[in-house]
Structures are given as C-alpha cells and as structure tokens.
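# Observations on chain architecture
The primary structure of each chain is shown beneath.
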Amino acid sequence: MGKIVELIKRGEILVSDGAWGTFLQQMGLQPGECPEEWNSKYPEKVLEIAQSYIDAGSDLIETNSFGGTRFKLEKYGLGDKVFELNKAAAEISRKAAGDKFVLGSVGPTGKILMMGDVTEEELYDAFKEQAKGLEAGGADAIMIETMTDLDEARLAIRAAKENTKMEVFCTMTFEKTVDGTFRSMMGVSPTDMVTTIIDAGAELIGANCGNGIANMIGIVEEIRRINKDIPVLVHANAGMPVYKDGETVFPESPEEMAMLIPKIISAGANMIGGCCGTTPEHIQKVREIVDGK
Amino acid sequence: MSDLLTKISDCIEFGKINKAAPYPPQMKDMDGTDELTRQALDSGISAQKILSEGLMPGMEKVGVKFRENKVFVPQVLMSAKAMSTALLHLKPYFLTGEVKQKGTLIIGTVEGDLHDIGKNLVSMMVEGNGWKVVDLGTDVSADKFVEALRENENAIVGLSALLTTTMVSMERITKAIKEAMPFAKIAVGGAPVNDDFRQRIGADAYSPDPQGLVEYLNSLVA
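Parameters and conventions
- Residues numbered from 1 in each chain as written.
- Chains lettered and ligands numbered in written order.
- Predicted model: local features only at pLDDT ≥ 70, side-chain atom pairs only at ≥ 80, totals over all residues.
- Buried ≥ 20, exposed ≤ 12 C-beta atoms within 10 Å, placed from the backbone.
- Helix = DSSP H or I, 4+ residues; strand = E, 2+ residues; numbered from the N terminus.
- Pairing = 2+ DSSP bridges.
- Domains from an automatic or database assignment.
- Contact = placed C-beta atoms within 7 Å.
- Axes fitted to C-alpha atoms, helices over the stretch in contact; angles between N-to-C directions.
- Nonpolar A, V, L, I, M, F, W, Y, C, P; charged D, E, K, R; others polar.
- Right-handed = clockwise from strand over helix to strand, strands pointing away.
- Expected span 1.5 Å × (residues − 1).
- Arc of directions from axis to C-beta.
- Core = buried A, V, L, I, M, F, W, Y, C linked by C-beta atoms within 7 Å.

### Focus: the pairing of strand β3 (residues 156-160) of chain B
Residue and element names in this part refer to chain B. Burial runs high along β3: five of the five residues are buried. Burial along β3 is two-sided: I156, G158 and S160 facing one way and V157 and L159 facing the other are all buried. Bridging between strand β1 (residues 104-109) and β3 involves five bridges; their strand directions are parallel. Across the sheet, residue T109 finds its bridge partner in β3, namely S160. Here β3 pairs with strand β4 (residues 186-189) via four bridges, running parallel.

### Remarks on unusual backbone geometry
Residue and element names in this part refer to chain B. That bond from Y23 to P24 is cis: its omega, -10°, falls within 30 degrees of zero. As for its placement among the helices and strands, P24 is situated in the loop between α1 (2-14) and α2 (33-42). Positive phi values are uncommon outside glycine, yet D139 reaches one of about 55°. Its place among the elements puts D139 in the loop between β2 (132-135) and α6 (142-151).

### Side note on the domain arrangement of chain B
Residue and element names in this part refer to chain B. Along its sequence, chain B is organised into domain 1 (2-96) and domain 2 (104-221). Taken over C-alpha atoms, the centre of domain 1 sits 26 Å from the centre of domain 2. Residue-level contacts link 14 residues of domain 1 with ten residues of domain 2. For the side of domain 1 that touches domain 2, the secondary structure elements donating two or more residues are α3 (47-67) and α4 (73-96). For the side of domain 1 that touches domain 2, the element with the highest residue contribution is α3, accounting for ten residues.

### Concerning the sheet that holds β4(B)
All names here are of chain B. One open sheet accounts for five strands, arranged β2-β1-β3-β4-β5; its pairing is parallel. Both edges of this open sheet fall to β2 and β5 (205-206), since each of them pairs with a single strand only. Where α6 meets the sheet, it contacts β1, β2 and β3, and its direction lies at approximately 170° from that of β1.

### A short note on the interface of chain B and chain A
Accessible area lost during the coming together of the parts is what is often quoted as the interface size. Contact with chain B, which involves 24 residues of that partner, is made by 19 residues of chain A. Where the side of chain B that touches chain A is concerned, the elements lending two or more residues are α4, α7 (167-180) and α8 (195-201) of chain B. The element that contributes the greatest number of residues to the side of chain B that touches chain A is α7(B), accounting for four residues. The class makeup of the residues in the side of chain B that touches chain A is eleven nonpolar, seven polar and six charged.

### A look at the sheet that holds strand β1 (residues 14-15) of chain A
Residues and elements named next belong to chain A. What the eight strands build is an open sheet, ordered β1-β12-β9-β8-β5-β4-β3-β2; its pairing is parallel. Taken across any chain shown, the strands that pair with only one partner, and hence form the sheet edges, are β1 and β2 (60-62). Both strand β4 (residues 141-147) and strand β5 (residues 167-172) contribute to a ladder of five bridges, which runs parallel. Considered in β5, the bridge of I142 is made with V168. In this fold helix α9 (residues 190-200) packs onto β5 and β8 (204-209), with an angle of close to 135° to the strand it touches most, β8.

### Let's talk about the pairing of strand β9 (residues 232-236) of chain A
Residues and elements named next belong to chain A. Most of β9 sits inside the fold, with five of its five residues counted as buried. Neither face of β9 is exposed, since V232, V234 and A236 on one face and L233 and H235 on the opposite face are all buried. In terms of strand pairing, β8 meets β9 through five bridges, oriented parallel. Considered in β9, the bridge of G206 is made with L233. For the segment spanning β8, helix α10 (residues 213-226) and β9, crossover handedness is right-handed.

### Description of helix α4 (residues 43-56) of chain A
Residue and element names in this part refer to chain A. Over its 14 residues, α4 runs 20 Å from end to end, which matches the ideal 20 Å to within 8%, given 1.5 Å per residue. All buried positions along α4 are accounted for by V46, I49, A50, S52, Y53 and A56. Angular distribution of buried residues about the axis of α4 spans 155°; they occupy a single face of the element. Across from the buried face of α4, at angles greater than 90 degrees, the exposed residues are E44 and D55. Elements that come into contact with the buried residues of α4 comprise α2 (21-26), α3 (38-41), β2, α6 (82-97) and α12 (280-290). Directly after α4, the chain includes G57, whose backbone phi takes a positive value near 110°.

### Focus on the nonpolar core
One finds I142(A) and F169(A) to be the most contacted residues of the largest nonpolar core, which totals 158 residues. Residues lining this core come from more than one domain, with at least three contributed by each of domain 1 (2-96) and domain 2 (104-221) of chain B. Apart from the residues within four sequence positions on either side, F169(A) is in contact with L103(A), A141(A), I142(A), M143(A), I144(A), A202(A), E203(A), L204(A) and L233(A).

In structure tokens form, the structure reads like this:
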C-alpha cells in the first residue's frame, strides 16, 4: 500500500490543492501559450503557485503538467520535451512540498480512440513517457484527471502502474444530464467508472472539474453505492464561469465551497481539493473545515 | 425505393457504416450506409433525394437524441462516420452541382484555443444536415475568418471555444468580423459560452448543442 492511501486507510481526510490552469492565467499565461513550458521558462512563477497551496495547508499538491503528453505538447512544437518538462514540473512542486506529497498531473490527450485518431499503443506510450518524467522529478503519485473516456483512463492508469513505482490515482469529469444522472462527455457514469478503473490499477478514484461542488455530493454517493472501500477524491470547480468585462470569473466563494465540505465528507470522500477557479483561499477554508475549526 | 432511404436514415441514426462494421451490435451483418447509398444511386434515386430524405433525417434524429442526453459523443461520432461514408458516394454530385447544399458554414476554434473535439462534432452534424462546411481548424485568427468570409460570400461563421480564457478571443474575433463585414452572421458555442455572453459580444446565435446550431442555420435559409 502506498503512503497516501495508507493515511486514508487510517481514517485521515486529506486536503489537496486548488486550480493551476486558472492560476497560471492570472500570473500572465496568455491564451495560446503552452502552460507546461513555464516549467522551464518561469520556474519561479510555477513554484509560487505550488508554494501558495502548501502555505494554505495542502497535504498534497499537483504539478504543472496537465497537458504534458506528447499529443498536447506537439501542438506547441514541444513534442520532444515531454520528459524534461514533466520532470521539471515535479521538481518544482517537490521543492515547495517538503514533506507533503506531490501528485503528478496527467490530463487527457484530446485524441479519440474510437475515431481512429490514435491506437491504444500510442496512447499507452505517451502516458508512460509522461509518467516516467514525473517520477524522475520526484512525484509521489500520478493524478490522472479530467478523463471522459474509460479506455483512455484505463490506458493511462496501466501505463503509470506498469512503468513507475508511484501510487496511481484517477478522476473523471461528470456533468448532470437532463434526467438528473451524471455522465461524462463520452457517456460514462460514475458507476461505469468504478470497476473499470479499479481493475486497471487505480488506488484512489473520484471526480474533478464539472459544474461546482454541489454536484460532487451526488457523484460521491453514486461511487460509494458500488464500492465502500476505495479511497475517493473530489476536485471541484468554483462553479460555472461567468463572463464579466472581458474576464471570466468563477462564482463560488471559499465560504460557499467550505459550507459543502461536511456533506462531501459524509457522502464518503477521503481527499478534497479544488479545480478550475479555486484559489489558496478556497483551500485554506477547506483545511479549516477538515481540521474542525 | 423509399425503403432504402429509411434504411439509410436508420444507419445514420445508429452509426452503421458498412456490412463488416461490428457497431452497433443490433445491426450486425446488415448493410451499412456504404452499401445502401450505392444501392440507392444504382436504383436511380437522385443524390439530392438521398441527402435530404436519407442522411438528413438520420442526422436530425441523432442531433435531437444528443441534445436530450439519450446518446453521448461516441454514438454521435459513429453516426458521423456513417454519414461521411455515405457522402463519399454523393461527392461527385456535389461537384457537378447536381446536389445543392443549403449554404456554407465557416467554422473554427478561436485564436489561442487548440481544442477541436466540439468543433469537429458540430462540423459533422452541420455537414450531415446538407450544409457545406469550411473548417479553418483551431487557433484561428480574426483575419483568417474574414478572409474565408470574403472567399465564401453569404457564409455563416461558427466560433468555438473550450477555455474560459479564450472567450476573450471570441469577443475580439466577433467584433473584428462585424467591423469588416457588418452583415455577417456569427454563431458561438463551447463549454464556457452561454446566451448572455453571446449577447454581450454581439454575436447572432448561441446553442448549447450542435442540433440547435443546425436549426438556426436552417432558419436562415428557410
């Protein structure tokens, strides 16, 4: 059993971090600029993000590597920099984390298997390459996230599991459909997800992104109806973005997010953090609630 | 004869490409759009009729089911594949002008945004509903949209964005197009976009799903 899962099995509720993408944008990342390139171009700025979450009380922080597969980096002409940019991403977070944990972020490739965009082998190799970079930089676990397709999730998990010594976690992104059930863009329900990704080797599962933290309660309940034991993680957005005067704003305040944390925990979540639009202030509030302050 | 068109429509709706295709399981060993479109042409049905009474009704059914969350992206992609297979047989008739398309949609993901799944999905559904689609790809600048509009008079423009940050780019592009071509019609879509945003930036239409765009486009030529 890995160190992170062991803490959860002992009954701890862990607090992870908030948004990276929207944080980078605030720090000046331009549309069309490669976020992962900042790991080599402006490591001090990336470190500032990592540090701000550690200071806010995160037990685990992610890495600036969400789009770090060759399929995404290729679009910026950085397809040959996969290993080094991911390694740098993990090193930066490691430096901030000290004795806290580093979760190496892995996002979807944007390629669709069933359309013949890529083969299973190509996906597997791309995830393997990224995971090895993150491990070399000192990540404790691989955080595969924002997945919508079960096959892509399964391949990413297997690639990390079979080629690194890290713990492997996976979350998918669900939205509420018109009939009130939860489905990913590719039609996968939380129920469909549980067995497949645990079989593939995920040691902690859950949901991230989506339309705010309220929906997450229903998603965690659905996961728990099928599996009582698997550690569950929630990384919620701060609501749906609202456009104001040339800027997008995420509407959920740290207080609103914090208010729902007890419900998320009683639904069965073991690790809680934020996704798009959440800030160190959100995480600080979550920390206070988890610590019972 | 009309039986063939119904079968083509069903194949589009359920994503049956050809006889050998394993998907969907309930249509195993049956002819797909590949065989049926050929048969329809051979039996003398006009390409125009195949498009409007075979392909379009099938695409419309998928579009409506997608909007109602009865099917998801994979099913729509299979339908789109079945449709593009049928279109290959009809292509010569498009080129000779024997089949008339309803109009042209110029589509692209806005500058700064490299996501294309949503844009591709919309392109395929619009094409399957009898429109010509000019796909400019991703990371498309205002200049490129204007240039494409000059080359395709009366075309309608579709702007796609996935990221909240590129909504800004959507606003800039909409304004630039309207300035260069005040009568151009612009439709916007993508995960962070809504009708309120559409109004603020001065675009003409928003739809949360591809079928809504198809309906908007059809309303312009009705």
